Amino acid sequence: MSPAMNRGVSVIEVIWMSINKNTPRDPQAEREARHYDNPIASRELLLELLEKHGAPLTYNGFVEILKLTGDEPLEALRRRLIAMVRDGQLVKNRRDGHVLVNDEDMVRGRVIAHPDSFGFLVPDDGGDDLFLGPKEMRSLLHGDRAVVRVAGFDRRGRREGVLVEVLERANKEVVGRFYCEDGLSLVIADNKRIHQEVFIPSDQRGEAQHGQIVMATIVQQPNRRHQPIGHITEVLGDHMMPGMEIEVALNAHNIPVKWPDAVEADIVGLSPEVLETDKVGREDLRNMPLVTIDGADSQDFDDAVFCEQQGKNWRLLVAIADVSHYVKIGEPLDDEAQLRATSVYFPGRVVPMLPEVLSNGLCSLNPHVDRLCMVAEMIIDSSGKMIRSRFFEGLMRSHARLTYNDVAAMLVDKDPALRQQNQVLIPHLERLYDLYRVLLKRRQKRGAIDFDSRETVIRFDANKKIEAIVPVGRNDAHRLIEECMILANVAAAEYLQNKKVPGLFRVHGGPKKAKLEDLHTFLKEHGLRLNGGDSPSAEDYAEVLRSVAERPDARLFQTVLLRSLSQAVYSPDGSQGHFGLSLDSYAHFTSPIRRYPDLLVHRAIRHIIHGGDQRTVASLPKKALLALRGKRVRAYDYSADQMVRLGEQCSMAERRADDATRDATDWLKCEYMLDRVGEEFPGIITTVTSFGLFVELNDVYVEGLVHVTSLSKDYYKFDPKGHRMIGERSGKIYRIGDAIKVKVARVSLDDRKIDFEPLADDTAEAKPKSEFERPTRRPRRRKRPARKPSGAS
């Protein structure tokens, strides 16, 4: 920590420093002074100078305006300008001048590549994606950040971009299969979005053998003239080696695994127990019977709960591991946590966001040991409404490590042995269960959407091969903890909004217009209606789900409704709320051990608790400055712009983790089915596309594709709005939720694909005449009369 931070620079001191330096006043001077011994010109100031200058500015131009001297300030400015170019705030022209990226024709964003060599730029500021043709994609790889110029519109009416500059390369290493044929060596990336092959010079292949899984370091990124060039840095192993699927997924999606040396140095001095000095100034909750309730195989415990009745109201305490006490802003441990942004859960393995000494030790709310916590205390009335809440730093000792199944057995099944074993805790658990029932009624009343999703877990044998894939059921204990966590998350979101401190919210927007139109059409065809017109509420969705709950095709409607919704993201703009939960405000507060957004929310709450101010020096009016004379005010560490970038990073990391987990799971399922080629199974259609049907096998929980060409001899038309395939001659219909019998035809580990073939007696239904028009026959081509030979009469 810098001396400036230690002494708590005041507002007046910062202004005085600015005046005496005779330089343009920096709107973020106080923030910079807290972070650096010799404050650097903030990004905001540099952008302001460039805008006022009205023309590109070189490095020397900035130096002259800022009147900088000395090696340290000059080097700091150079690094800051490089960082701003990297982040897409500036672009350098051919004369080394820095140009603002604020023209409507210049867009910065992240590249999403397609295996077929085209791609899209997803703008940082939102809006429609820009199409990037194969010519532009020669210089880019999936995940790169770039600035493009809007060059026009393609034939589909999409904005089309031309590459201006690559801001940041996402792929320094690539994992894939090594091929050596006809004297040429190359690596084909396991990630199919890496659409270019990496060329490996003959003297850079190392010990790699044809067909092995390798890691290649890219030494020359692609450009318009050549493909990426690399060298083999590691041979991960043979194709079918146990555990290979996770190693490939980790490397293919650039998920960090090894802890940097700086992080190891950060944690080496951590004590396994809470220091006595860290307990000072906290509310002591060690005698309160807080308990953790988690899965049987959980290793890190984020949250503990306690509930008691106070007259007609309930008092609920949700105590969360105080990770922000140990992970400090700007330290190597924080940098690595931000890079990872989430723990990644693979079958049989976890890649944590924080080192295990914290995630499973000092931060984990293990039973019967002292732990630091951040506490949300909430008062809930008899209708389930939260009438007030507060946050404070606490010191706790978990009184028990309980599992979902044991709690359900005690509260629902009234298991006498377990109740006797936990008799001291039973009254508090009963109050929790009473509160849960009230919260559940309120959840249903406000119209939160409840999709009946099914999760599975993979069980391995001693050789790390799949032994079985089994479904995981949810019980009332799962739902009880879920409702407690939702309430704490709502309290945190409202707290940040009321205090106007920048934070990250969990935002789930309503359905997009195009998807909504298709949904209305689909439901109308089935005699159903979604209320709300162009702006349906979550309650309108919930009403449709209730109306079809007892129908045999309920799964069809649930799937269609779910796919019409947007994906939840992290954003500093919490005004949209959470559509699915039907909440106006929502943030993630309850899992800082495994999610970086939760850690940011904790930091914001701690900032408020300690009397921090959300404002910057530039935003303070003269009256406020006079009132603060002689006082020390600590401005918040994050600006709104920083929160935007952090939201994008955390959302990206969440998708990256989901993709990696899916890849590893799909690999394992393909491996599991290799020995079952030729076997027959009953299944359920889960998805209908233009190229075929995805089918999940009953009791096996493995999904594969029935390609449209393998369906019975007919011409099948895909009806996207009806989510079905219709046979033109036979009248057969295939739709989501239909039962079908299939045979396992092919399994490809490389592509992670399983192909099925329908059996002759599959159960697709005949097309009802009342619902669909008769199939139109293709007009027969009329035969032309034979030409008469010349001379014939």
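All figures in this text were calculated on a predicted structure; none of them were measured in a lab.

Some points on the overall build of the protein
Moving on, step 1. When you go through the protein residue by residue, the secondary structure sums to 21 helices and 34 strands.
Moving on, step 2. Partitioning the contacts of the protein with sequence separation of at least 6, the portion at a separation of at least 24 is 66%.
Moving on, step 3. Carbon and sulfur atoms provide 48% of the accessible area of the protein, an area that totals close to 40300 Å².

A few points about the sheet that holds strand β15 (residues 303–310)
Moving on, step 1. One open sheet holds the five strands; their spatial order is β13-β20-β19-β16-β15, and the pairing between them is mixed. Two strands close off the open sheet at either side, each with one partner strand: β13 (283–284) and β15.
Moving on, step 2. Where helix α14 (residues 426–446) meets the sheet, it contacts β15, β16 (313–321) and β19 (370–380), and its direction lies at approximately 85° from that of β15.

Points about the side chain of Asp-190
Moving on, step 1. You can see Asp-190 is positioned in the loop between β9 (184–189) and β10 (198–200).
Moving on, step 2. Residue classification places Asp-190 among the buried residues on the basis of a relative accessible area of 12%.
Moving on, step 3. Once residues lying within four places of it in the same chain are set aside, the contact partners of Asp-190 are Val-175, Gly-176, Val-248, Ala-252, Trp-667 and Arg-752.

Looking at helix α16 (residues 513–525)
Moving on, step 1. Under the 1.5 Å per step criterion, the end-to-end length of α16 is 19 Å for 13 residues, consistent within 8% with the ideal 18 Å.
Moving on, step 2. Listed as buried for α16 are Leu-516, Leu-519, Phe-522 and Leu-523. Down the axis of α16, the buried set is contained in an arc of 125°. They therefore lie on one face. Summarising the geometry of α16, the exposed residues directed more than 90 degrees from the buried face are Lys-513, Ala-514 and Lys-524.
Moving on, step 3. Check the buried side of α16 and you find it contacts α17 (538–548) and α18 (554–563).
Moving on, step 4. One or two steps after α16, the chain reaches Gly-527, where phi turns positive at roughly 75°.

As for the nonpolar core
Where a protein is soluble and globular, its nonpolar side chains tend to be buried together.
Moving on, step 1. Membership of the largest hydrophobic core comes to 101 residues, with the highest contact counts inside it found for Leu-316, Met-378, Leu-429, Phe-589 and Tyr-596.
Moving on, step 2. With 14 residues, helix α15 (residues 476–499) is the single largest residue contributor to this core.
Moving on, step 3. When near neighbours in sequence (up to four residues on either side) are disregarded, Leu-316 contacts Phe-306, Cys-307, Ala-376, Glu-377, Met-378, Ile-380, Leu-432, Leu-435, Cys-484 and Leu-487.
Moving on, step 4. If you look at the next biggest cluster of nonpolar residues, it comprises 54 residues, including Ile-458, Phe-522, Leu-530 and Leu-561.

What to know about the pattern of salt bridges
It is possible for side chains bearing opposite charge to pair when their charged atoms get close.
Moving on, step 1. On inspection of all chains with the given rule, the structure shows 45 salt bridges.
Moving on, step 2. A salt bridge links Glu-48 to Lys-52, with the nearest nitrogen and oxygen atoms 3.0 Å apart. With a gap of four residues between them, Glu-48 and Lys-52 both fall in helix α4 (residues 43–53), about one helical turn apart.
Moving on, step 3. Residue classification places Lys-52 among the exposed positions, given a relative accessible area of 66%.
Moving on, step 4. Residues Arg-437 and Asp-434 are paired through a salt bridge, measuring 2.7 Å at the closest nitrogen-oxygen approach. Remark: Asp-434 and Arg-437 occur in helix α14; sequence separation between them is three residues, near one turn of the helix.
Moving on, step 5. Arg-437 sits in the partly exposed class, given a relative accessible area of 38%.
Moving on, step 6. Several salt bridges converge on common partners, so that one network encompasses Glu-276, Lys-279, Asp-284, Arg-286, Asp-370 and Arg-397.

Cut-offs applied
- Residues numbered from 1 in each chain as written.
- Predicted model: local features only at pLDDT ≥ 70, side-chain atom pairs only at ≥ 80, totals over all residues.
- Heavy atoms only, no water.
- Helix = DSSP H or I, 4+ residues; strand = E, 2+ residues; numbered from the N terminus.
- Contact = heavy atoms within 4.5 Å.
- Areas by Shrake-Rupley, 256 points an atom, 1.4 Å probe, with all protein chains shown as cover.
- Pairing = 2+ DSSP bridges.
- Axes fitted to C-alpha atoms, helices over the stretch in contact; angles between N-to-C directions.
- Buried < 20%, exposed > 50% of the residue type's maximum accessible area, 1.4 Å probe, protein only.
- Expected span 1.5 Å × (residues − 1).
- Arc of directions from axis to C-beta.
- Core = buried A, V, L, I, M, F, W, Y, C linked by side-chain atoms within 4.5 Å.
- Salt bridge = Lys/Arg side-chain N within 4 Å of Asp/Glu carboxyl O.

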